[in-house]
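Geometric and topological summary
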Amino acid sequence: QVQLVESGGGLVQSGVSLTLSCTASGSFFSMNGMGWYRHAPGKERELVASKNSGGGTNYADSVKGRFTIVRDNAMNTLYLQMSSLKTEDTAVYYCNAVGYYSDYSRYDAWGQGTQVTVSS
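Residues numbered from 1 in each chain as written. Predicted model: local features only at pLDDT ≥ 70, side-chain atom pairs only at ≥ 80, totals over all residues. Heavy atoms only, no water.

With that out of the way, let us pick up the nonpolar core. Formed by 30 residues in total, the largest nonpolar core has its most connected members in Trp-36, Leu-80, Met-82 and Tyr-93. Not counting residues within four places of it along the chain, the set of residues in contact with Leu-80 comprises Leu-18, Thr-19, Leu-20, Trp-36, Val-48, Ala-49, Phe-67, Thr-68 and Tyr-93. (Core = buried A, V, L, I, M, F, W, Y, C linked by side-chain atoms within 4.5 Å. Buried < 20%, exposed > 50% of the residue type's maximum accessible area, 1.4 Å probe, protein only. Contact = heavy atoms within 4.5 Å.)

With that out of the way, let us pick up the pattern of salt bridges. Inspection of every chain in the model, using the stated rule, returns four salt bridges. Its salt-bridge partner being Asp-89, residue Arg-38 comes within 2.9 Å of it at the nearest N-O pair. Linking Arg-38 in strand 4 (residues 30–39) with Asp-89 in the loop between strand 8 (77–82) and strand 9 (91–100), this pair joins segments that are 51 residues apart in sequence. This pair shows no difference in class: Arg-38 is buried, exactly as Asp-89 is. Residue Asp-89 pairs with Arg-66 through a salt bridge whose shortest N-O separation is 2.8 Å. Note that Asp-89 is positioned in the loop between strand 8 and strand 9 and Arg-66 in the loop between strand 6 (57–59) and strand 7 (67–72), a separation of 23 residues in sequence. (Salt bridge = Lys/Arg side-chain N within 4 Å of Asp/Glu carboxyl O. Helix = DSSP H or I, 4+ residues; strand = E, 2+ residues; numbered from the N terminus.)

Right, let's get into the state of the cysteines. A full pass over the atoms with the stated rule returns one disulfide. Here Cys-22 pairs with Cys-95 through a disulfide, and the sulfurs are 2.0 Å apart. Judged by the sign of its S-S torsion, about -80°, the bond between Cys-22 and Cys-95 is left-handed. Residue Cys-22 is found in strand 3 (residues 18–26), and its partner Cys-95 is found in strand 9; the two are separated by 73 residues along the sequence. (Disulfide = S-S within 2.5 Å.)

Of note, Asn-76 is a non-glycine position whose phi angle comes to about 50°, a positive value. Structurally, Asn-76 can be placed in the loop between strand 7 and strand 8. The phi angle at Tyr-104 is positive, at roughly 75°, despite the residue not being glycine. According to the relative accessible area criterion, Tyr-104 is exposed, its value standing at 59%.

Spelled out as structure tokens, the structure:
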């Protein structure tokens, strides 16, 4: 099984910075990709940023230049460094990981989410 635990959310003012963390645990053969999604009330869940095991990254247009995804492979930890936060960034942020168990079955794991609230 794979477990993901997010932390670092909170209530902040617009324009400030905040870093989210996600730690993966459990038994798995590989963790090929990790990413951050967010879900705001009344809006669809969207991909914020992702990073695969090869180092490739992907960012939503709305966060490019402001957010940076960092993966610590040795520690199985994923970070989302957020700067110049806007009220529009307010959402529950979820960590996601995909990969394979030792029997080559695929997993798609999600964390419980961490709330980020940006006030004006």
